[in-house]
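Here is how the chains run, residue by residue.
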Amino acid sequence: MPHRILVVDDEIHIARAVQMKLARAGFEIETAPDGLAAWESFQRRPPDLVITDCQMPRMGGIELCRRIRENPGTEQLPIILLTAKGYELEEESVMLDLWLSALIGKPFSPRELLETVEGILGEARSEAGRQ
Amino acid sequence: MHRERSIWLWLCVPPLVASVPGALVAWWSAGGVAAAICVVVSCLGGGALAAWEARRHARICEARLQRPELRINGTQGTGLYAGLLEEAFGIFERLEAENRRAREERTTLEARGQVRQREAQRLEAALGCVEQPVLIVDPRGQVCYRNAAAAPLVTGAPDGGAVELVPALVELLHETLTRNVATNRRAAEFEHEPAGGPRAWEATAVTIQDPQDRRVLGAVAVLRDIAEQKQANTRHAEFVSSVCHELKTPMAGIRAYAEMLRDGDFNEPAEQQEVYGFIEQQVDRLTRLVDNMLNLARIESGVIEVKREDCELNDILRKALDTIAPTASEKSIRLVPELSELYLPVHPDRDLLGQAIINLLSNAVKYTPAGGEVRLRSRMDEGRAVIEVRDTGMGIPAESLPRIFDRFYRVPRNNQAAAGTGLGLALVHYIVTELHGGAIAVDSALDEGTCFTLTLPLGHRNGQRRKPAARLCAV
């Protein structure tokens, strides 16, 4: 059963690039154009990992992360923040506040993103195996 | 002192002189009691005589004192009181000299006082004209002076009531007055919210010292309103951040697809074609952003070159629609052209006007949720060309409408929704109104949509002016 990943970005070409890269590696990908659409999809069926942009219409990535963390059962769901924001996003505090698994700046390398995703999900799998 | 005493001695002499012969006669003729009565009567008589004589001479002396030329040898003919009068004249002349000196001193002091007062008035008036708030406090920190500009920084009655400073200033002045060993100058920045709205200040306080003994006489604080500077700094930082974001987003796409192409992630020709299309779109997007920034920089430096030519408005609109169509389609937004069937002759700079229309369409697509609609309409109205860009997007709050054409301004509510630089509409406004003599209006309802209406002068300029469609007039 492949891992399900929810990719959230209002820039369709970015979401499509991530989708194509990860789908080729065998992951099951679902995309959403904004935080609210992602949250609705999330509530229907939580994925194994969320990759989200920050600035989006209707609901941004930070708010989506907060909701995921406040949702019972998904407090520790791995989240990767993929953002073009610079220094104004205080990286460390965001990482700590939202328990992010990774924060990747745009422009990004899809290859490195895939490695990060595999690392996170592989770790999660091995932890699950140990338990 | 002994001179004054001697005057009294002189006044005692006549009664004594008069009483002695009277007492002798009474003692010889009538014995002890009668002699005593005689002494008293003789003293009273002598006293009266002396008083009368003194009064007469006083009148003479007074007359002479009033006329200084008679004072020389003023004691002549005054008999018994010659010495007394001489002393009186001396005292009088001394007092008069002292009085004269005092009067002169007073006049000098009054003149100096007036000069000082005028100087103080001039300084106060000058400080009153200074736009920066100026405050002077005494060594205890009590306000002794403030100019008109400092009014928002003090509370309390202006008519002599207790004046209190804002706490940040109190602290600064206290520090300046108490810790003036290493330096007598201190600066601080603080924010304060008077009735007119929040302000940010930069205050510099310096102690005032007596030039002779270096004693601290108080402190003066001069303030500078740095609200605008702070806003400008914030706007600049936000602008830089927005530009970076706007540049990074298309770059991210190009970077990602280039790497994936190299990694051989796309085997299917159809996939490859899709990716090339994405890359092209993102390069065009970067070019538009750079063009916007360059044109704004040219406008600001006054070196923008406008190449106007005769052309048809709908041509420009169609090209703009073609440019924006892929972005609209990506977001599943319906792009509806509703172009006039009439030939709309205009004389614009094709690139700049095209850029303005693309900016409006791009904004409309950006702030309209997926599944919405963006409509571009052109028509002729009262001899002018009218262009409408209408969307079914999130709308602009009424309070933001007056500012949307300001450089770097971004509607706070929409700022969260999508990235942007705040340059697009400023450029549209400048291109339409300043460069093409047109007008721009905006109408918006929250969560319903926005409509930008541009009006441009109609007609060609190069001799082949085409008349707008003929009008039927009822005669």
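> I would appreciate a short explanation of the interface of chain B and chain A in the present structure.
How large an interface is tends to be reported as the accessible area lost when its parts come together. Opposite the 25 residues of chain B that make contact, chain A presents 23 residues. Those elements giving two or more residues to the side of chain B that touches chain A turn out to be helix H5 (227-262) and helix H6 (269-301) of chain B. The element contributing the most residues to the side of chain B that touches chain A is H5 of chain B, with 13 residues. Grouping the constituent residues of the side of chain B that touches chain A by class yields twelve nonpolar, six polar and seven charged.

> Can you walk me through H5 of chain B in this structure?
Counting along an α-helix, one turn takes 3.6 residues, and residues three or four places apart therefore face a common direction. Residue and element names in this part refer to chain B. Here H5 spans 52 Å end to end across 36 residues, near enough to the 52 Å set by a 1.5 Å rise per residue. Listing the buried residues of H5 in full gives His245, Glu246, Lys248, Thr249, Pro250, Ala252, Gly253, Ile254, Ala256, Tyr257 and Met260. Directly after H5, the chain includes Gly264, whose backbone phi takes a positive value near 70 degrees.

> Would you explain the sheet that holds strand E11 (residues 373-381) of chain B in this entry?
The strands that make up a sheet pair up through hydrogen bonds in the backbone, lying either parallel or antiparallel. All names here are of chain B. Across the sheet, which stays open at both edges, the five strands sit in the order E9-E11-E12-E14-E13 with mixed pairing between neighbours. Because the sheet does not close on itself, it has two edges, and the strands there are strand E9 (334-338) and strand E13 (439-445). Pairs of neighbouring strands in the sheet enclose a mean axial angle of 15 degrees, with direction left out of account. The pairing of E11 with strand E12 (residues 384-391) spans eight bridges and is classified as antiparallel.

> Explain the nonpolar core to me, please; I cannot follow it from the model alone.
Grouped burial of nonpolar side chains is what soluble globular proteins tend to show. Of all hydrophobic cores here, the largest spans 42 residues; its most connected members are Ala356, Ile357 and Leu361 of chain B. Mapped by element, the contributors of at least two residues to this core are helix H7 (313-330), helix H8 (350-366), E11, E12, helix H10 (424-435) and strand E14 (449-457) of chain B. For Ala356 of chain B, the residues in contact, after removing those within four places along its chain, are Leu427, Val428, Ile431 and Val432 of chain B. Among the nonpolar cores identified, the runner-up in size contains 40 residues, and Ala32, Leu49 and Val50 of chain A together with Tyr257 of chain B belong to it.

What counts and how
Here, residues in each chain are numbered from 1, in the same order as that chain's written sequence. Note on labels: chains are lettered from A, ligands numbered from 1, in written order. pLDDT decides what is reported in this predicted model: residues at 70 or higher carry local features, side-chain atom pairs at 80 or more are listed and counted, and totals for whole chains, interfaces and linings draw on all residues regardless. C-beta atoms are placed from the backbone for every residue, and two residues are taken to be in contact when these atoms lie within 7 Å. Numbering of helices and strands runs from the N terminus, with a helix taken as a DSSP run of H or I at least four residues long and a strand as a DSSP run of E at least two residues long. Basically, the charged four are Asp, Glu, Lys and Arg, the nonpolar ten are Ala, Val, Leu, Ile, Met, Phe, Trp, Tyr, Cys and Pro, and anything else, Gly included, counts as polar. How far a helix is expected to stretch is found by multiplying one less than its residue total by 1.5 Å. Buried residues are those with 20 or more other C-beta atoms within 10 Å of their own C-beta, exposed residues have 12 or fewer, and partly exposed residues lie in between; C-beta atoms are placed from the backbone. When DSSP locates at least two bridges between a pair of strands, those strands are taken to pair. Helix axes are fitted to C-alpha atoms over the stretch in contact, other axes to C-alpha atoms as well, and angles between N-to-C directions run from 0 to 180 degrees. For the purposes of this analysis, a nonpolar core is taken to be any set of buried Ala, Val, Leu, Ile, Met, Phe, Trp, Tyr and Cys residues that are connected through C-beta atoms within 7 Å.

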